[in-house]
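# Structure at a glance
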Amino acid sequence: MNNGKVLSFVGLVLVLFSCQSTKYKNMFKENAEAKLISNQFSFTEGPATDKTGNVYFTDQPNDKIYFWDWKTDKIELFLDKTGRANGTFFDKNDHLITCSDNKGEIWKIGKDKSVEILSKGFEGKRLNGPNDLWIDELGGMYFTDPLYNREYWTDFKVEIPEKHLYYRNKNGKISRLEKFVQPNGIIGSQILKKLYVSDIDANKTYVYDILGEGKLSEKKLFCEMGSDGMTLDKQGNLYLTGDGVTVFNRKGEKIHHIKVPEKWTANVTFGGEKNNILFITASNSVYTLETNTKGIK
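Residues numbered from 1 in each chain as written. Predicted model: local features only at pLDDT ≥ 70, side-chain atom pairs only at ≥ 80, totals over all residues. Heavy atoms only, no water.

### Examining the overall build of the chain
- A tally of helices and strands in the chain yields 1 helix and 25 strands.
- The C-alpha radius of gyration of the chain comes to 20 Å, within 12% of the 19 Å expected for a compact globule of 297 residues.
- Referenced to the eigenvectors of the C-alpha coordinate spread, the extents of the chain come out at roughly 75 × 45 × 35 Å.
- Expressed as a percentage of the 297 residues in the chain, the buried residues total 55%.
- In the chain, the proportion of contacts linking residues at least 24 apart, taken out of those at least 6 apart, comes to 47%.
- When the accessible surface of the chain is summed, it comes to about 14,500 Å², and 48% of that surface belongs to carbon and sulfur atoms.
- Where the 42 positive side-chain charges of the chain centre and where its 39 negative ones centre are 4 Å apart. (Helix = DSSP H or I, 4+ residues; strand = E, 2+ residues; numbered from the N terminus. Rg over C-alpha atoms; globule rule 2.2 N^0.38 Å. Buried < 20%, exposed > 50% of the residue type's maximum accessible area, 1.4 Å probe, protein only. Contact = heavy atoms within 4.5 Å. Areas by Shrake-Rupley, 256 points an atom, 1.4 Å probe, with all protein chains shown as cover. Lys, Arg positive; Asp, Glu negative; His and termini not counted. Charge placed at Lys NZ, Arg CZ, Asp CG, Glu CD.)

### Description of the packing of aromatic side chains
- Taken as a whole and judged by the stated rule, the model has 17 aromatic pairs.
- Ring geometry for Tyr196 versus Phe222: centroids 5.1 Å apart, planes at 80°, classification edge-to-face. Pair noted here: Tyr196 is in strand β15 (residues 194-199) and Phe222 is in strand β18 (residues 220-223), with a separation of 26 residues, a long-range link.
- Using a relative accessible area of 4% as the deciding quantity, one classes Tyr196 as buried.
- Taking the relative accessible area as the measure of exposure, Phe222 reaches 9% and is therefore buried.
- Through successive ring pairs, a cluster of aromatic residues spans Phe41, Phe57, Tyr66, Trp68 and Phe279.
- Geometry around Trp153 places Arg126 over its ring, the cationic atom sitting 5.1 Å from the centre.
- The ring of Tyr206 has Lys219 sitting right over it, with the charged end atom 4.4 Å from the ring centre. (Phe/Tyr/Trp six-rings, centres within 6.5 Å; stacked < 30°, edge-to-face > 60°. Lys NZ or Arg CZ within 6 Å of the ring centre and 35° of its normal.)

### Let's talk about the environment of Tyr208
- Relative to the helices and strands, Tyr208 is located in strand β16 (residues 204-212).
- Owing to a relative accessible area of 2%, Tyr208 belongs among the buried residues under this scheme.
- Along the backbone, Tyr208 and Val245 are 37 residues apart, and their C-alpha atoms lie at a distance of 22 Å.
- The residues contacting Tyr208, other than those within four sequence positions of it, are Leu165, Glu178, Phe180, Lys193, Lys194, Leu195, Val197, Leu216, Ser217, Glu218 and Lys219.
- Among the polar contacts made by the side chain of Tyr208, one reaches the side chain of Glu178 at a distance of 3.1 Å. (Polar contact = N/O pair within 3.5 Å; in protein donor to acceptor, adjacent residues only side chain to side chain.)

### Comments concerning the sheet that holds strand β4 (residues 64-69)
- With respect to topology, 4 strands assemble into an open sheet ordered β2-β3-β4-β5, the strand pairing being antiparallel. The open sheet is flanked by β2 (44-49) and β5 (74-80), the only strands paired with a single partner. Between one strand and the next, the sheet's axes are offset by a mean angle of 25°, whatever the strand orientation.
- Of the pairings in the sheet, the one linking β2 to strand β3 (residues 55-59) comprises 4 bridges and is antiparallel in character. (Pairing = 2+ DSSP bridges. Axes fitted to C-alpha atoms, helices over the stretch in contact; angles between N-to-C directions.)

### Details of unusual backbone geometry
- A positive phi is found at Arg84, a non-glycine position, where the angle reads about 60°.
- Relative to the helices and strands, Arg84 is located in the loop between β5 and β6 (85-90).
- Positioned with a positive phi, Asn203 is a non-glycine residue whose angle comes to about 55°.
- Tracing the sequence through the fold places Asn203 in the loop between β15 and β16.
- The exposure class of Asn203 is partly exposed, given its relative accessible area of 47%.

Laid out in structure tokens, this is it:
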């Protein structure tokens, strides 16, 4: 290749890189930093956004659920005694569905604070501790069931040694889908027809095509990073947590990192009036970050 062609090629690469960098830079406000909302908790997890844009989240060690009111930018207590809720997600009727791992259960909680236990186990055996979930357009839920020994478990006995991804259909039937080292964060998109699952101890995140009710393609490696929790934006970028928040594009390429001044960032979601506020649960705190993008359904 002659010098002229080399220079043209290099120039093209630089232009493409510049366009890509500008595109991703424009996802976030210039010089924006995560804003501390409150640090009154023990360990925050499981953020989920209701129909009005308020974000509910758990303080698992203290067995409580709080919510962030976007109108006031304040935190309020929603529920005490939650079954040690961890990951959460709102269904189409605005019920909060929780992975309540004190007894390995899945709960449905109404805005009136009524509680219904949706699941107590699988094939007559106690689940290890449902951790995170995502609900599809049919009303079925995919959920992860890792094993983390909790100090509040008094009479726990492992009944399912393997750690799996499960699917519970709208009628309550649970199917076991896939075994992992330690499945944790999960998120899907009805629009993209994709499901992402983190195998946190294997330091990997996988992606599936959603083929039907509880039916997935073979899993494909998305990136070499595990995650405690995750969310998606409308461009299909995936946000993973741990050391702050790391953003990957649809190809599994790292495109951005959001610093969070905590030892561990557990989870993240989009909320607020315009669904453009990144709500971050990290150690004993919660943060928000305004963006130029939005979450995806």
